[in-house]
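One letter stands for each residue in the lines below.
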Number of protein chains: 2
Amino acid sequence: MRIINLDEIKSVLPKVDLMKEIEAGFIAYSNGEVVVPPVGELQFDSPPGDVHIKYGYIKNDDVYVIKIASGFPQNVDRGLPNGNGMMLVFNQKTGKPIAILKDEAYLTDVRTAVAGAICAKYLAPKTVNNIGIVGTGLQAKMQLNYLSEIVDCKKVIVWGRSEASFLKYQSEMKKSAFEINTTTNINDVFNHCQLIVTCTSSEIPLLDRVNPGTHITAMGSDTLTKQEVDSSILSEADLVVADSKSQCDVRGEIHQALQSKDILMEDVLELGDIISGKEKGRTSDTQITIADLTGVAVQDIQIAKAVLKYLP
Amino acid sequence: MRIINLDEIKSVLPKVDLMKEIEAGFIAYSNGEVVVPPVGELQFDSPPGDVHIKYGYIKNDDVYVIKIASGFPQNVDRGLPNGNGMMLVFNQKTGKPIAILKDEAYLTDVRTAVAGAICAKYLAPKTVNNIGIVGTGLQAKMQLNYLSEIVDCKKVIVWGRSEASFLKYQSEMKKSAFEINTTTNINDVFNHCQLIVTCTSSEIPLLDRVNPGTHITAMGSDTLTKQEVDSSILSEADLVVADSKSQCDVRGEIHQALQSKDILMEDVLELGDIISGKEKGRTSDTQITIADLTGVAVQDIQIAKAVLKYLP
């Protein structure tokens with residue numbers, strides 16, 4: 001059994017065509033070729049924290065993968081990273097452990113950001129004057145980094161709650177190619193941005209209006225209670241896309257909009273079917289589209305396998 | 001993060017009072033002090049195999065534990081062990097990984113055998129002329145090894161399907177203190193044994209009759225479909241005991257007997273309540289008692305913590 005630490009993982013990632021690997025995973029998933037049981041979950045109160053266990057396998061593949069990713073927000077006050085965890089890779093024919101990727105939740109962050117870029121690739125309008133980022137945390141930066149390969153627009157409006165968070169964000173992004181403006185008024189985002197990525201752990205909708213010609217990727221809400229986007233936006237949208245219809249039935253924005261009867265599951269498409277061309281993505285620049293990412297184990301399977309493949 | 005291999009684990013176990021640790025776990029569990037989400041499960045067809053992911057934590061403890069244990073029966077034909085897996089221990093306040101116990105499913109086997117001994121301690125009649133073991137696999141030996149500390153009787157009747165399996169069993173148990181007789185006729189078990197442990201992965205009931213003054217520990221059936229004991233025996237029993245009522249509701253012997261309406265869940269007791277004295281165990285030597293073990297994450301939590309505590 002190989003044990004791979006974070007530095008090794010980071011050194012390998014530039015060799016991997018992550019978009020291709022994750023897209024292939026979504027396609028296999030939507031084709032019914034992937035076994036992904038419901039997400040395992042542990043929640044803690046004091047201090048608050050949660051752990052997601054995502055696991056599964058591609059049928060007739062060599063491996064099965066179990067991913068553990070935790071978030072303990074108060075870690076940050078103690079000088080520790082919020083996220084932690086690892087990915088475990090086992091032989092699908094014998095159960096023998098093959099590798100432990102001690103990624104400290106980094107690969108979860110990467111595959112989440114890559115999924116955001118995939119959504120933009122298939123769903124964003126051609127004309128993007130500004131990218132809107134809702135939130136100032138880790139994904140608020142990583143999403144932008146992976147979008148830079150997909151979207152020409154280099155102007156960004158970042159929404160956040162405080163000047164301190166903006167200063168930190170600006171300082172950490174100063175080496176990026178983006179021109180970053182900040183706002184505490186969410187209207188600036190929906191008025192000026194045609195590609196919006198919501199990256200918070202909010203349980204109260206932050207975005208409550210949308211203009212024609214906008215794509216929203218809602219990636220923060222991955223539980224029963226989190227919600228970043230008012231359900232009326234899903235009702236208004238021309239296309240509502242789930243990374244996994246079965247997961248979005250029980251968590252995330254689509255779950256909320258189903259509960260409030262703003263949409264029906266039969267109106268929701270699955271990302272893998274749009275990537276494969278089975279279903280149409282955006283067909284005009286004036287449409288409103290929204291993608292709800294809850295994070296599917298097939299992303300973890302694909303990124304873990306890719307890291308192993310390219311390791312020296 | 002510490003990585004502990006099987007040899008280290010085996011060298012530590014003799015220092016641990018496993019009965020005490022696992023009993024404490026069952027008590028905490030039945031007191032509602034343990035968070036144990038539903039078991040995660042992966043099944044494979046070709047070759048057949050299954051993986052159980054059991055995880056959880058004791059409230060206000062230091063750690064949370066995730067246990068992965070797989071069984072691939074055809075491994076044995078390839079000279080590999082059927083079982084594999086590991087236990088992962090994380091900090092409950094930060095999510096930081098503390099240790100990986102590369103136990104190759106050994107700790108699962110041990111904590112399962114210890115649970116069998118605990119059932120015998122609280123539920124077996126005083127008079128045991130013969131111990132009955134149904135099955136000839138790994139647990140059929142381990143259960144006996146851990147029973148030797150609890151039960152004076154040294155006479156054993158082992159039921160199996162073939163002479164070859166008996167030869168293997170006898171040869172592997174020849175250093176034990178037990179006098180082992182074998183049979184292919186299940187009636188020999190129920191007619192002569194007052195303490196019976198069923199240790200198979202059967203999906204068809206093997207034991208269909210029971211005499212007064214018998215305790216049965218059914219430990220093989222841990223899924224929706226496995227069943228070793230006819231549900232009429234549960235209906236006839238004076239005491240039906242679950243390791244976890246919530247797990248036994250959806251897997252194992254109790255699940256089967258609930259489905260066939262041979263028993264009601266309100267008539268089932270939980271093992272931790274008997275250990276703690278909240279509920280009475282066996283009160284006379286003529287009672288029929290049955291314990292259904294499906295394997296609860298708190299056993300994994302307790303054994304993983306105990307190994308870590310006693311490691312040099």
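Residues numbered from 1 in each chain as written. Chains lettered and ligands numbered in written order. Predicted model: local features only at pLDDT ≥ 70, side-chain atom pairs only at ≥ 80, totals over all residues. Heavy atoms only, no water.

### Let's talk about the packing of helix H3 (residues 106-123) of chain B against helix H4 (residues 138-147) of chain B
All names here are of chain B. Axis separation between H3 and H4 bottoms out at 8 Å; the angle between their running directions is 50°. The orientation of H3 with respect to H4, classified from their angle, is oblique. In the packing of H3 onto H4, the handedness of the crossing is right-handed. Facing Tyr106, Asp109, Val110, Thr112, Ala113, Val114, Gly116, Ala117 and Ala120 of H3, the residues of H4 in contact are Leu138, Gln139, Met142, Gln143, Tyr146 and Leu147. Residue composition of the contact of H3 with H4, grouped by class: 10 nonpolar, 4 polar and 1 charged. (Axes fitted to C-alpha atoms, helices over the stretch in contact; angles between N-to-C directions. Helix = DSSP H or I, 4+ residues; strand = E, 2+ residues; numbered from the N terminus. Parallel < 35°, antiparallel > 145°, perpendicular 65-115°, else oblique. Left-handed = near helix turned anticlockwise from the far one by under 90°. Contact = heavy atoms within 4.5 Å. Nonpolar A, V, L, I, M, F, W, Y, C, P; charged D, E, K, R; others polar.)

### Let's talk about the domain arrangement of chain A
Residues and elements named next belong to chain A. Here the domain parsing of chain A yields domain 1 (2-107 + 298-310) and domain 2 (123-295). Between the C-alpha centres of domain 1 and domain 2 there is a distance of 23 Å. Contacts between the two partners involve 15 residues from domain 1, matched on the other side by 19 residues from domain 2. Between domain 1 and domain 2, the buried area comes to about 1,400 Å², and carbon and sulfur atoms account for 55% of it. Area buried by domain 1 at its contact with domain 2 is led by Phe26, Tyr29 and Ser30, which between them contribute 31% of it. Where domain 1 packs against domain 2, one counts 1 salt bridge. A salt bridge links Glu41 to Arg251, with the shortest nitrogen-to-oxygen separation between them at 3.0 Å. Remark: the boundary between domain 1 and domain 2 carries 8 residue pairs in polar contact (both at pLDDT 80 or more). Breaking the side of domain 1 that touches domain 2 down by element, the ones donating at least two residues are helix H2 (18-30) and strand E4 (48-58). (Domains from an automatic or database assignment. Buried area = accessible area lost by both parts, 1.4 Å probe. Salt bridge = Lys/Arg side-chain N within 4 Å of Asp/Glu carboxyl O. Polar contact = N/O pair within 3.5 Å; in protein donor to acceptor, adjacent residues only side chain to side chain.)

### Some details on the interface of chain A and chain B
Between chain A and chain B, the contact holds 36 residues from the first and 37 residues from the second. When the two sides are added together, the surface that chain A and chain B hide from each other amounts to roughly 3,000 Å², 73% of it contributed by carbon and sulfur. Between the two partners, chain A and chain B, sit 8 residue pairs in polar contact (both at pLDDT 80 or more). Among the elements of the structure, strand E3 (40-45), E4, strand E5 (63-71), strand E6 (83-91) and strand E7 (97-101) of chain A are those that each provide at least two residues to the side of chain A that touches chain B.

### Concerning the sheet that holds strand E15 (residues 289-292) of chain B
Residues and elements named next belong to chain B. The 8 strands lie next to each other as E10-E9-E8-E11-E12-E15-E13-E14, forming an open sheet whose pairing is parallel. Among the strands making up the open sheet, the edge pair consists of strand E10 (179-183) and strand E14 (268-270). This sheet shows a mean twist of 20° between the axes of neighbouring strands, independent of strand direction. Of the pairings in the sheet, the one linking strand E13 (residues 239-242) to E15 comprises 4 bridges and is parallel in character. (Pairing = 2+ DSSP bridges.)

### A word on unusual backbone geometry
Geometrically, the link from A:Ser46 to A:Pro47 is a cis peptide bond, its omega value of 0° lying close to zero. As for its position among the elements, A:Pro47 is in the loop between E3 and E4. Even without glycine at this site, B:Ala105 takes up a positive phi of about 75°. For B:Ala105, the position within the fold is in the loop between strand E7 (97-101) and H3.

### Digging into the nonpolar core
Residues A:Leu101, A:Ile131, A:Ile133 and A:Leu144 are the most contacted members of the largest nonpolar core, which totals 68 residues. Residues lining this core come from more than one domain, with at least three contributed by each of domain 1 (2-107 + 298-310) and domain 2 (123-295) of chain A. When residues no more than four places from it in sequence are discounted, the contact partners of A:Ile133 are A:Ala140, A:Leu144, A:Val156, A:Ile157, A:Val158, A:Trp159, A:Tyr169, A:Val197 and A:Cys199. By size, the runner-up hydrophobic cluster in this structure holds 66 residues, among which are B:Ala99, B:Cys153, B:Val158 and B:Ile303. (Core = buried A, V, L, I, M, F, W, Y, C linked by side-chain atoms within 4.5 Å. Buried < 20%, exposed > 50% of the residue type's maximum accessible area, 1.4 Å probe, protein only.)

### Section: the relation of the copies chain A and chain B
Note: a rotation about an axis with an accompanying shift along it relates these two copies of the chain. Each copy of the sequence occupies a distinct position, and chain A is placed on chain B by a rotation of 180° and an axial shift of 0.0 Å, giving an RMSD of 0.0 Å. Classification of the inter-copy transformation places it as that of a two-fold axis. When each C-alpha of chain A is compared by its distance to the rotation axis, A:Gly40 comes out closest, at 3.4 Å. A share of 100% of interface residues in chain A that are also interface residues in chain B marks the association as one of identical surfaces. (Least-squares fit on C-alpha atoms with pLDDT ≥ 70 in both.)

### Here's the deal with the sheet that holds strand E9 (residues 155-159) of chain A
All names here are of chain A. Here we have 8 strands laid out as an open sheet, ordered E10-E9-E8-E11-E12-E15-E13-E14, and parallel in their pairing. On the outer flanks of this sheet lie strand E10 (179-183) and strand E14 (268-270), each paired with one strand and no other. The mean angle between the axes of side-by-side strands here comes to 20°, regardless of whether they run parallel or antiparallel. On top of the sheet, helix H3 (residues 106-123) reaches strand E11 (195-198), strand E12 (214-218), strand E13 (239-242) and strand E15 (288-292); it is set at about 160° to E12, its chief contact. The strands touched by helix H4 (residues 138-147) are strand E8 (131-134), E9 and E11; relative to E8, the strand with the most contacts, the crossing angle is about 155°.

### Digging into the packing of aromatic side chains
This structure, assessed with the given rule, holds 8 aromatic pairs over all chains. Here the aromatic rings of A:Phe44 and B:Tyr64 are separated by 5.6 Å at their centres, their planes lie at 40°, and the arrangement is tilted. With one member in each of two chains, A:Phe44 in strand E3 and B:Tyr64 in strand E5 (residues 63-71) form a pair that bridges those chains. Take A:Phe44 and B:Tyr64: they sit in the same class, and that class is buried. Taking the centre distance of 4.6 Å and the plane angle of 10° together, the rings of A:Tyr64 and A:Phe90 count as stacked. In this pair, A:Tyr64 is assigned in strand E5 and A:Phe90 in strand E6, connecting sequence segments 26 residues apart. (Phe/Tyr/Trp six-rings, centres within 6.5 Å; stacked < 30°, edge-to-face > 60°.)

### Looking at the pattern of salt bridges
Residue and element names in this part refer to chain A. Within the structure shown, the criterion is met by 20 salt bridges over all chains. The partner of Glu172 in a salt bridge is Lys141, with the nearest N and O atoms 2.2 Å apart. On the criterion of sequence distance, the pair formed by Glu172 in helix H5 (residues 163-172) and Lys141 in helix H4 is long-range, its members being 31 residues apart. One salt bridge in this structure joins Lys168 and Glu172, with 3.6 Å as the shortest N-O distance. Placement of the pair is Lys168 and Glu172 together in helix H5, with a separation of 4 residues, close to one helical turn. Under the relative-accessibility criterion, Glu172 is labelled partly exposed at 40%. Salt bridges linked by common partners bring Lys67, Arg111 and Asp300 together as one network.

### Some words on a nonpolar patch on the surface
On the surface, A:Met1, A:Ile3, B:Met1 and B:Ile3 cluster together to form a nonpolar patch covering roughly 280 Å² of accessible area. Considering the arrangement of structural elements, one finds B:Met1 in the segment before strand E1 (2-4). (Patch = residues over 30% accessible without salt bridge, like charges linked within 9 Å, V, L, I, M, F, W, Y side chains within 5 Å. Areas by Shrake-Rupley, 256 points an atom, 1.4 Å probe, with all protein chains shown as cover.)

### Notes on the pairing of E7(B)
All names here are of chain B. Taken across its 5 residues, E7 has 4 buried, putting it largely inside the fold. Where E1 lies against E7, 3 bridges are found, and the strand directions are parallel. Following the sheet pairing, Ile3 is matched in E7 by Ile100. Bridge analysis of strand E6 (residues 83-91) against E7 gives 4 bridges, and the strand direction is antiparallel.

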